[in-house]
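Topology and contacts: notes
Residue strings, one per chain:
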Amino acid sequence: LALVLLYVFWFVGNYYYNLYNKQASMKAGGKDGGLTVTIAVMQIVVCAAWAMGLWLIRRNPTPLLGLKAPAPQPLPAITKADVISLLPLTFCYAFAHTAGVVALTAGSPAFGQIVKAAEPVFAAVINTLFYAKSPSLAKWCVLPVIVGGVAISTLKKESDGSYSVPLDLYVLAFGSVNNVFAAFKGSENHRAMAAPGLKDRIGGVGNQFALTNVLSLVFLVPCMVLSEGANWPKFVDLFTNDDAFRWNLCLSGITFYLYNELATLTIKKTNAVTQSVANTAKRVIVIVGVALVLGESLAPIKLLGCAIGIGGVLLYSLIDKIVYG
């Protein structure tokens, strides 16, 4: 029952994050409103505030959702050298999140999710080129399936029965940037956590995520000022006077933090196959659920591309076990 509850709250949290994120962006004028980066940064501000609250009370209540007692969450006992060693990881985390928010809010969240599902393709290339960690031959053979699924999902049926690719390059570009930074983030996380004693000084996975959110503001705030600083008065006015925008923004930050924590708790209790199936199911639920709530079109060709792309991601996760045992 506890594991089922963790899955339910993880999926529900991810779904509502995407919904709150999109609704906050719509209130701010979407990609033309000049506040997409600001929204992304303010979500991390909410996450950082939540993390500091946990450090203040020295307890993390999230395990209660899985019928467990609150977990201890003391302040990390890290050094200046530790902080410096974590900066590459937090840099990648910061801009993966920002690009992801832009991709999911600039156009269709469903298409944004499909593009983000292609992350294994970027991870395979980046790990091979920069970390000398090439995937197996079997995994390389699956990558064209993922790419093909994403490509098919972009097709649009014209009145004459032919298919064309609509120029939603904005979402495609930022979704790809998200995948690049997410791929680097995964490898940098592995590198950083391999440092002797760092895990113990940080004080657990929950503290690592909290610390990553706080440190990422070192990069995000200057980025926000440089890119959208002139629109800050517009954001303040919207946040102050529009209740729907304020709540959607705050709730998107809280649900983002919670669903990531719940994902970590769930993954620790399951094997690799279950994790792969769960991640696939979660993405399908988010794509279909958010599209239905927002009234987006889910044409058969988009559903086919989605099924092929996400099915390819699932196969990519399992192929080594199938082929090599």
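Because the structure is a prediction, the values reported are computed rather than measured.

1. A word on the overall build of the protein chain
Across its full length, the protein chain carries 13 helices and four strands. A globule of 325 residues ought to have a C-alpha radius of gyration of about 20 Å, and the protein chain, at 20 Å, matches this closely. For the protein chain, the C-alpha atoms occupy an extent of roughly 65 × 55 × 40 Å along the three principal directions. The proportion of buried residues among the 325 residues of the protein chain is 48%. Residue pairs in contact within the protein chain that sit at least 24 positions apart in sequence constitute 81% of those at least 6 positions apart. Counting only carbon and sulfur atoms, one obtains 69% of the accessible surface of the protein chain, whose full area is about 15,000 Å².

2. Some remarks on a nonpolar patch on the surface
A cluster of nonpolar residues, Val125, Leu129, Phe130, Leu137, Trp140, Leu315, Ile322, Val323 and Tyr324, forms a patch on the protein surface that exposes about 930 Å² of accessible area. Secondary structure elements with two or more residues in the nonpolar patch: helix H5 (119-130), helix H6 (137-153) and helix H13 (300-324). Of all the elements, H13 adds the most residues to the nonpolar patch, at four residues. Secondary-structure assignment places leucine 129 in helix H5. Here leucine 129 falls in the exposed class, since its relative accessible area comes to 63%.

3. Details of the pattern of salt bridges
Summed over the entire model, instances satisfying the criterion amount to four salt bridges. With a shortest N-O distance of 4.0 Å, lysine 139 and aspartate 320 are connected by a salt bridge. Taken together, the residues span a long stretch of sequence, with lysine 139 in helix H6 and aspartate 320 in helix H13 at a distance of 181 residues. You can call aspartate 320 partly exposed: its relative accessible area is 25%. Put simply, aspartate 243 and arginine 246 hold a salt bridge, and the shortest N to O gap is 2.2 Å. Taken together, the positions of aspartate 243 and arginine 246, both in helix H11 (residues 243-268) and three residues apart, correspond to about one turn of that helix. You can call aspartate 243 partly exposed: its relative accessible area is 47%.

4. Topic: the nonpolar core
In this structure, Trp10, Val41, Leu86, Phe245, Phe256 and Tyr257 are the most contacted members of the largest nonpolar core, which totals 46 residues. For this core, the elements supplying multiple residues, two or more each, are helix H1 (2-27), helix H2 (36-57), helix H3 (80-106), helix H7 (169-193), helix H8 (198-202), helix H9 (205-228), helix H10 (232-241) and H11. Counting residues per element, this core draws most heavily on H2, at 11 residues. The residues touching valine 41, leaving out its near neighbours within four places in the chain, are Leu217, Leu220, Val221 and Met224.

5. A word on H1
Along its 26 residues, H1 runs 37 Å from first to last C-alpha, staying within 8% of the 38 Å computed at 1.5 Å per residue. Trailing H1 by a residue or two, glycine 29 shows a phi angle of about 100°, which is positive.

6. Here we look at the packing of helix H4 (residues 109-116) against H7
Taken N-terminus to C-terminus, the directions of H4 and H7 make an angle of 40°; their axes are 9 Å apart at the nearest point. By the angle between their directions, the pair H4 and H7 is classed as oblique. The hand of the H4/H7 crossing is right-handed. Residue-level contacts link Phe111, Gly112, Val115 and Lys116 of H4 to Val171, Leu172, Gly175, Ser176, Asn178 and Asn179 of H7. Of the residues in the contact of H4 with H7, the class split is four nonpolar, five polar and one charged.

What counts and what doesn't
Residues numbered from 1 in each chain as written. Predicted model: local features only at pLDDT ≥ 70, side-chain atom pairs only at ≥ 80, totals over all residues. Heavy atoms only, no water. Helix = DSSP H or I, 4+ residues; strand = E, 2+ residues; numbered from the N terminus. Rg over C-alpha atoms; globule rule 2.2 N^0.38 Å. Buried < 20%, exposed > 50% of the residue type's maximum accessible area, 1.4 Å probe, protein only. Contact = heavy atoms within 4.5 Å. Areas by Shrake-Rupley, 256 points an atom, 1.4 Å probe, with all protein chains shown as cover. Patch = residues over 30% accessible without salt bridge, like charges linked within 9 Å, V, L, I, M, F, W, Y side chains within 5 Å. Salt bridge = Lys/Arg side-chain N within 4 Å of Asp/Glu carboxyl O. Core = buried A, V, L, I, M, F, W, Y, C linked by side-chain atoms within 4.5 Å. Expected span 1.5 Å × (residues − 1). Axes fitted to C-alpha atoms, helices over the stretch in contact; angles between N-to-C directions. Parallel < 35°, antiparallel > 145°, perpendicular 65-115°, else oblique. Left-handed = near helix turned anticlockwise from the far one by under 90°. Nonpolar A, V, L, I, M, F, W, Y, C, P; charged D, E, K, R; others polar.

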